[in-house]
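Read off the chains here:
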Amino acid sequence: MKKIVFTGGGTAGHVTPNIALIDRLQKEGWEISYIGSKSGIEKQLIENLGIPYYGISSGKLRRYFDWKNFTDPFRVLWGCREAKKLMKRIAPDVCFSKGGFVTVPVVRAAAKCKVPAIIHESDMTPGLANRLSMRYATKVCCNFEETLANLGGKGIHTGTPIRKELFEGNRLQGLKLAGFSAAKPVLLVVGGSTGAVKVNQAVRSLLVKLLPQYQILHLCGKGKMDEAYQGLEGYVQLEYADKEMKDFFAMADVVISRAGANAICELLALRKPNILIPLSANASRGDQILNAASFEKQGFSYVLQEEAVTDESLLTAITEVYANRQAYIDKMQESPVGDATEKIVTLIKSFTK
């Protein structure tokens, strides 16, 4: 039986692409193990799948002062030791890493144990964890062609694996779940858990102008619902969605979203006309700005920088994208990125022959 170790953690975006690959490899009879942090979001997500999960010590490399900067290096060193022991015990044929600081010891351990390591970079430019891991990696998969120049000859343009269930959505079921009618178009607003406040405020300030024409499903993030808008006809706010997401995507005519790499790749795969509001450089390393710029250049998205968001600019964006939604769909259908899951599974298999 062929064996693989997956790693990735810190955010759901570092786990869900792994889940798409796990689903495919499980059906082909692979023995799958997962190495993540001892208490990160990845632990719950993977254990819910019944996959053997091993937690190791991990730390974060911060660019700002924090007392943990003095202790985390020791956690990372201990994590390297734990990862190497696990790698020897599991003896996988290949290791796949989606990123996050917990993955650095795992990829390093794979190299030390002579296990081929494949890592995946979602953003336009590699994050710090993947930059540290790259020297130990055999291959580096990426979302954007522009990223290949930064991958030291190890890069492969694959796209991001998308959860299979997202393609199985039903528009009528989505309308039923939201309590909407089929008579008016639907805006889906995905604020996200981080940095959602600006998007949430912008959408709510426009409700009076939007609701005569659109129905709005607003995923506003945990703890960010506003009771003042509960019960407003045509406007539904939820903290988040899980299994319902496939149906919510299916019913959406236009999506307003941040520009995280996994989020925009899902929009591309589902051919959803969209408005991207990337996190500002003040709140991030600027990766969302670069992601959004690439999608705008290719004609996949309308981009509105956070600093430029006003009632007028957002209303203009929504009006333009809805009116020209078929043009955006046509551009997305021309995308050369095909089935990323198939491409990456083929790559993984190439190291087991």
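Conventions adopted
- Chains are numbered independently. Their residues run from 1 in the order of the written sequence.
- Only residues with pLDDT of 70 or above have their local features reported here, since the model is predicted, and side-chain atom pairs are shown and tallied only from 80 upward, although totals for entire chains, interfaces and linings are computed over all residues.
- Where side-chain values are given, they derive from all heavy atoms of the structure, hydrogens and water being excluded.
- Numbered from the N terminus, helices here are DSSP runs of H or I no shorter than four residues, and strands are runs of E no shorter than two.
- The buried label applies to any residue whose accessible area, calculated with a 1.4 Å probe on protein chains only, is under 20% of its type's maximum; exposed applies above 50%, and partly exposed to all values in between.
- Contact definition: two residues touch when any of their heavy atoms are within 4.5 Å.
- To get an axis, a line is fitted to the C-alpha atoms, and for a helix only the part in contact is used. The angle between two axes follows their N-to-C directions and goes from 0 to 180 degrees.
- When the near helix sits turned anticlockwise from the far one by under a right angle, the crossing is termed left-handed; a clockwise turn instead gives a right-handed crossing.
- Note that Gly is not counted as nonpolar here; it falls among the polar residues with everything else outside the nonpolar set of Ala, Val, Leu, Ile, Met, Phe, Trp, Tyr, Cys and Pro and the charged set of Asp, Glu, Lys and Arg.
- Stacked, edge-to-face and tilted are the three classes for Phe, Tyr and Trp ring pairs, Trp counted by its six-membered ring, which pair at centre distances within 6.5 Å; planes under 30 degrees apart are stacked, over 60 edge-to-face, the rest tilted.
- Over a ring means this: the NZ of a Lys or the CZ of an Arg is within 6 Å of the ring centre and within 35 degrees of the ring normal.
- Just to be clear on terms, a salt bridge is a Lys or Arg side-chain nitrogen sitting within 4 Å of an Asp or Glu carboxyl oxygen.
- Here a polar contact means two N or O atoms within 3.5 Å. Within protein one must be a hydrogen donor candidate and the other an acceptor candidate, and residues neighboring in sequence count only if both atoms are side-chain atoms.
- A pair of strands is treated as paired once DSSP finds two or more bridges between them.
- Criterion for a disulfide: a pair of cysteine sulfur atoms within 2.5 Å.

A. View of the overall build of the protein. Scanning the protein from N- to C-terminus turns up 14 helices and 13 strands. Its C-alpha atoms put the protein at 60 × 45 × 40 Å along the principal axes. Every one of the 353 residues in the protein was classed for burial, and the buried ones make up 51%. A separation of at least 24 residues holds for 62% of the contacts in the protein among residues at least 6 apart in sequence.

B. Layout of unusual backbone geometry. We note that Lys 114 has phi near 60°; this positive angle belongs to a residue other than glycine. By relative accessible area, which is 76% here, Lys 114 ends up exposed.

C. A look at the packing of helix α1 (residues 16-27) against helix α14 (residues 340-350). Remark: α1 packs on α14, axes separated minimally by 10 Å, with the N-to-C direction vectors making an angle of 60°. When the axes of α1 and α14 are compared, the crossing they make is right-handed. Counted together, Ala 20, Leu 21, Arg 24 and Leu 25 of α1 and Thr 341, Glu 342, Ile 344, Val 345 and Ile 348 of α14 form the full contact between these two elements. Tallied by class, residues from the contact of α1 with α14 come to six nonpolar, one polar and two charged.

D. Representation of helix α4 (residues 103-112) within the structure. Within α4, seven of the 10 residues are buried, which leaves the element mostly enclosed by the surrounding structure. If you check which residues of α4 are buried, you get Thr 103, Val 104, Pro 105, Val 106, Val 107, Ala 109 and Ala 110. Within two residues after α4, Lys 114 carries a phi angle of roughly 60°, on the positive side.

E. Summary view of the packing of aromatic side chains. Counted by the stated rule, this structure contains six aromatic pairs. Plain terms: the ring middles of Phe 144 and Phe 295 are 6.1 Å apart, the flat faces sit at 75° to each other, and that makes the pair edge-to-face. With a gap of 151 residues between them, Phe 144 in the loop between β6 (139-142) and β7 (155-157) and Phe 295 in helix α11 (residues 287-297) connect regions that are remote in the sequence. Judged on exposure class, the residue Phe 144 and its partner Phe 295 are both buried. Grouping aromatic residues by their ring pairs yields a cluster made of Phe 144, Phe 295 and Phe 300. One cation-aromatic arrangement involves Arg 325 over Tyr 322; the distance from NZ or CZ to the ring centre is 4.0 Å.

F. Expanded view of the pattern of salt bridges. Evaluated as defined, the whole model comprises 10 salt bridges. Two residues, Asp 23 and Lys 164, come together in a salt bridge whose shortest N-O distance is 3.9 Å. With Asp 23 in helix α1 and Lys 164 in the loop between β7 and α6 (171-178), the pair connects residues that are 141 residues apart, well separated along the chain. A relative accessible area of 28% means that Asp 23 is categorised as partly exposed. Between Arg 171 and Asp 253 there is a salt bridge, with the nearest N and O atoms lying 4.0 Å from each other.

G. Region of interest: the side chain of Arg 258. For Arg 258, the location among the structural elements is in the loop between β11 (254-257) and α10 (261-270). Here the side chain of Arg 258 touches Pro 278 through a polar contact of 3.4 Å, landing on its backbone oxygen.

H. The arrangement of the sheet that holds β11 in detail. Read from one edge to the other, the open sheet built from six strands follows the order β10-β9-β8-β11-β12-β13, with strand pairing classed as parallel. In the strand order of this sheet, the two ends are held by β10 (235-238) and β13 (302-303), each with one partner. One ladder, built from three bridges, connects β11 with strand β12 (residues 274-276); its direction is parallel. The partner of Ile 256 across the bridge, within β12, is Ile 275.

I. Expanded view of the side chain of Thr 158. On the secondary structure map, Thr 158 appears in the loop between β7 and α6. Ignoring any residue separated from it by four or fewer positions in sequence, one finds Thr 158 in contact with His 120, Cys 141, Cys 142, Val 337, Ala 340, Lys 343 and Ile 344.

J. Geometry of the state of the cysteines. Per the stated rule, a full pass over the model turns up zero disulfides. The thiol of Cys 80 is not disulfide-bonded; the next cysteine sulfur, from Cys 113, is found 12 Å away. Distance from the sulfur of Cys 142, which forms no disulfide, to the nearest cysteine sulfur (Cys 141) is 7.7 Å.

K. Summary view of the environment of Leu 268. In this structure, Leu 268 sits in helix α10. Leu 268 sits in the buried class, given a relative accessible area of 11%. The sequence separation of Leu 268 and Gln 333 amounts to 65 residues, and the corresponding C-alpha distance is 8.4 Å. In this structure Leu 268 touches Phe 295, Phe 300, Met 332 and Ser 335, once residues within four positions along its chain are discounted.

L. Highlighting α10. Here α10 lies mainly inside the structure; eight of its 10 residues are buried. For α10, the set of buried residues is Ala 261, Asn 262, Ile 264, Cys 265, Glu 266, Leu 267, Leu 268 and Leu 270. Buried residues along α10 sit in contact with α1, α9 (245-251), β11, β12, α11 and α13 (325-333). Of the residues flanking the end of α10, it is Arg 271, one or two places downstream, whose phi is positive at about 60°.

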